[in-house]
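Analysis of the macromolecular model
Okay, here's what each chain looks like letter by letter:
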Amino acid sequence: MERTRYYPGLSAAVALIVLIAVCALVIVFLRLRPNATVYPVSDAAVERERNGAGSAHTALPEHVKGIYLTTASVNGNKYQEMLALADRTEINALVVDMKDDNGAPGFRIAHPDYADLSRDKPTIPDLAAVAADAHAHGLYMIARLPVFQDSWFADRHPEFAMHTRGGGPFDSAQGRLWRDRRGIRWLDPAAQGVWQYNAALAEEAYAAGFDEVQLDYIRFASDGDISTIVFPVWDNVEPKPKVMERFFAFMSERLRGQEIPLSVDLFGYTFRVDDGYDLGIGQRLALTLPYVDFVSPMVYPSHYPSGHLGLANPAASPGIVVDDALADGQTIIDEVRPDFRGVRPWLQDFDMGADYTASMVRQQIDAAEKRGAEGWLLWNARNVFTEDALKKE
């Protein structure tokens, strides 16, 4: 049978015309509906689909046992060292920063509304390759996304940033932006433009192959002269916890609505306080639980004051501190969401308050596991971890 002749050039032209027409209709639709929710997919993800690769994901381990890595640590020899550490030990997950310390995106953003925020040379040249390398080692990948502490975005979008009282209009120079004690700029937690930006980054991380998104610095600022802060959006009337609850609800609908697993980092004290007090930063465990899959309280023993639990130095008794914190938190969970099984604490693997030995790190892990935690994560800002505290594989 004679085949119908095929004109590839003509077919491609027709396809292009149809694509342009569809895109034009979508743009008109969205302009007419400015509040419409858009779920973008990165160009990188589209390219992988064209190549037949797709973005594979690793299943959630029964118990997540992870370590923290900066954007710089998922490059070159350092990344290979961390993968080798996981191969040798019980570590089965990596929590990787999606932003540099100053808030700059760690990878090149594909979303057209935010592409100009990318560095010329991102710290992570190929985010998908980072995820794929880890998956080849059987690791679950968590994309850590600091949200409201973000100098990079604040400098480029001062209309969403906290300003200093008497410092001029919100489109003023960077010098009038509010800074915390370390000189870092912060964003208004009520600004939905900030929510949209971080949701887009989360979606791109997931499209690149990361298995879960973890939100950090999800709070109002606390370090510095907060009495001088002027907020461009927050009205100083709506309670801070309600602002944060609206944010959690938005991120839950946007991400979990696409079946993207969502976790959050909270102050350790949120597991002790639930009488309506938000620590002055808007964080309350009870108002967070309905919107997330996992919660990671930062129960670092060094962060509790002398006298806590009758201990002169809580950092010297890590197992006791972690056990008590998780027990307290469970009482709140039982009241709000009794079926929740997503507690995954951040544990201390750094010297503060005491010189941390392998035994002290292990005491925290054992306490978390005894309390039935879904898993645990080790924090060391330099990404140097105590291997002797970990079980061997």
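These figures come from a predicted structure and were not determined experimentally.

**Quick word on the pairing of strand S1 (residues 64-69)**
In terms of burial, S1 is largely enclosed, as 6 of its 6 residues are buried. In S1, alternate side chains face the same way, and those of Val64, Gly66 and Tyr68 on one face and Lys65, Ile67 and Leu69 on the other are all buried. Sheet analysis places S1 next to strand S10 (residues 375-379), joined by 4 bridges and oriented parallel. The residue of S10 that forms the bridge with valine 64 is glycine 375. Bridging between S1 and strand S2 (residues 93-97) involves 4 bridges; their strand directions are parallel. Of the residues in S2, the one forming a bridge with isoleucine 67 is leucine 94. For the crossover that starts at S1, traverses helix H3 (residues 76-88) and ends in the parallel S2, the hand is right-handed.

**Focus on unusual backbone geometry**
Positive phi, close to 65 degrees, is recorded for asparagine 236, a residue that is not glycine. For asparagine 236, the position within the fold is in the loop between strand S6 (229-230) and helix H7 (240-255). Of note in the backbone geometry, leucine 279 takes a positive phi value of approximately 65 degrees without being a glycine. Mapped onto the elements of the fold, leucine 279 is located in the loop between strand S7 (262-267) and strand S8 (294-298). Under the relative-accessibility criterion, leucine 279 is labelled partly exposed at 21%.

**Section: the side chain of aspartate 349**
If you trace the backbone, aspartate 349 turns up in the loop between strand S9 (346-348) and helix H9 (358-370). Buried charge without a salt bridge: aspartate 349, with arginine 382 as the nearest opposite-charge side chain at an N-O distance of 8.6 Å.

**Comments concerning the packing of aromatic side chains**
Taken as a whole and judged by the stated rule, the model has 16 aromatic pairs. Arranged with centres 5.0 Å apart and planes meeting at 65 degrees, the rings of phenylalanine 220 and tryptophan 234 form a pair that is edge-to-face. With phenylalanine 220 in the loop between strand S5 (212-216) and S6 and tryptophan 234 in the loop between S6 and H7, this residue pair connects regions lying 14 residues apart in the sequence. With a centroid separation of 5.7 Å and an interplanar angle of 55 degrees, the aromatic rings of phenylalanine 247 and phenylalanine 248 are classed as tilted. Taking relative accessible area as the criterion, phenylalanine 247 reaches 0% and is therefore assigned buried. A relative accessible area of 3% places phenylalanine 248 in the buried class. Ring pairs connect the aromatic residues Phe148, Trp195, Phe247, Phe248 and Phe250, which therefore count as one cluster. The lysine or arginine in question, arginine 156, covers the ring of tryptophan 152, its NZ or CZ lying 3.5 Å from the ring centre. The ring of phenylalanine 294 has arginine 344 sitting right over it, with the charged end atom 4.2 Å from the ring centre.

**Considering the pattern of salt bridges**
Inspection of every chain in the model, using the stated rule, returns 23 salt bridges. Arginine 119 is the partner of aspartate 100 in a salt bridge, and the nearest nitrogen-oxygen pair spans 2.9 Å. One end of the pair, aspartate 100, is in the loop between S2 and helix H4 (127-136); the other, arginine 119, is in the loop between S2 and H4, and 19 residues separate them in sequence. Aspartate 100 gets classed as buried once you look at its relative accessible area, which sits at 11%. The class of arginine 119 is partly exposed, set by a relative accessible area of 27%. In this structure, lysine 242 and glutamate 245 form a salt bridge, with 2.6 Å as the shortest nitrogen-oxygen distance. You can see lysine 242 and its partner glutamate 245 sitting in helix H7, 3 residues apart, about one turn around the helix. For glutamate 245, a relative accessible area of 14% puts it in the buried group.

**Concerning the confidence of the model for the protein**
Across the protein, pLDDT averages 88, with 84% of residues at or above 70. Confidence drops under pLDDT 50 across residues 1-54; counting only partners more than four residues distant or on other chains, this segment forms 27 contacts.

**A few points about the nonpolar core**
Counting residues in each nonpolar core, the largest one holds 102 residues, and the members touching the most others are Leu94, Leu215 and Phe247. When near neighbours in sequence (up to four residues on either side) are disregarded, leucine 94 contacts Ile67, Leu69, Tyr79, Leu83, Ala134, Leu139, Tyr140, Met141 and Ile142.

**Focus: the packing of helix H6 (residues 192-207) against H7**
Here H6 crosses H7 at 35 degrees, and the two axes come no closer than 11 Å. You can see that H6 and H7 cross each other, and the crossing is right-handed. Contacts from Gln192, Trp195, Gln196, Asn198, Ala199, Ala200, Ala202 and Glu203 in H6 reach Val243, Arg246, Phe247, Phe250, Met251, Arg254 and Leu255 in H7. For the contact of H6 with H7, the per-class residue count stands at 9 nonpolar, 3 polar and 3 charged.

Definitions and cut-offs
Residues numbered from 1 in each chain as written. Predicted model: local features only at pLDDT ≥ 70, side-chain atom pairs only at ≥ 80, totals over all residues. Heavy atoms only, no water. Buried < 20%, exposed > 50% of the residue type's maximum accessible area, 1.4 Å probe, protein only. Helix = DSSP H or I, 4+ residues; strand = E, 2+ residues; numbered from the N terminus. Pairing = 2+ DSSP bridges. Right-handed = clockwise from strand over helix to strand, strands pointing away. Lys, Arg positive; Asp, Glu negative; His and termini not counted. Salt bridge = Lys/Arg side-chain N within 4 Å of Asp/Glu carboxyl O. Phe/Tyr/Trp six-rings, centres within 6.5 Å; stacked < 30°, edge-to-face > 60°. Lys NZ or Arg CZ within 6 Å of the ring centre and 35° of its normal. pLDDT = per-residue confidence, 0-100. Contact = heavy atoms within 4.5 Å. Core = buried A, V, L, I, M, F, W, Y, C linked by side-chain atoms within 4.5 Å. Axes fitted to C-alpha atoms, helices over the stretch in contact; angles between N-to-C directions. Left-handed = near helix turned anticlockwise from the far one by under 90°. Nonpolar A, V, L, I, M, F, W, Y, C, P; charged D, E, K, R; others polar.

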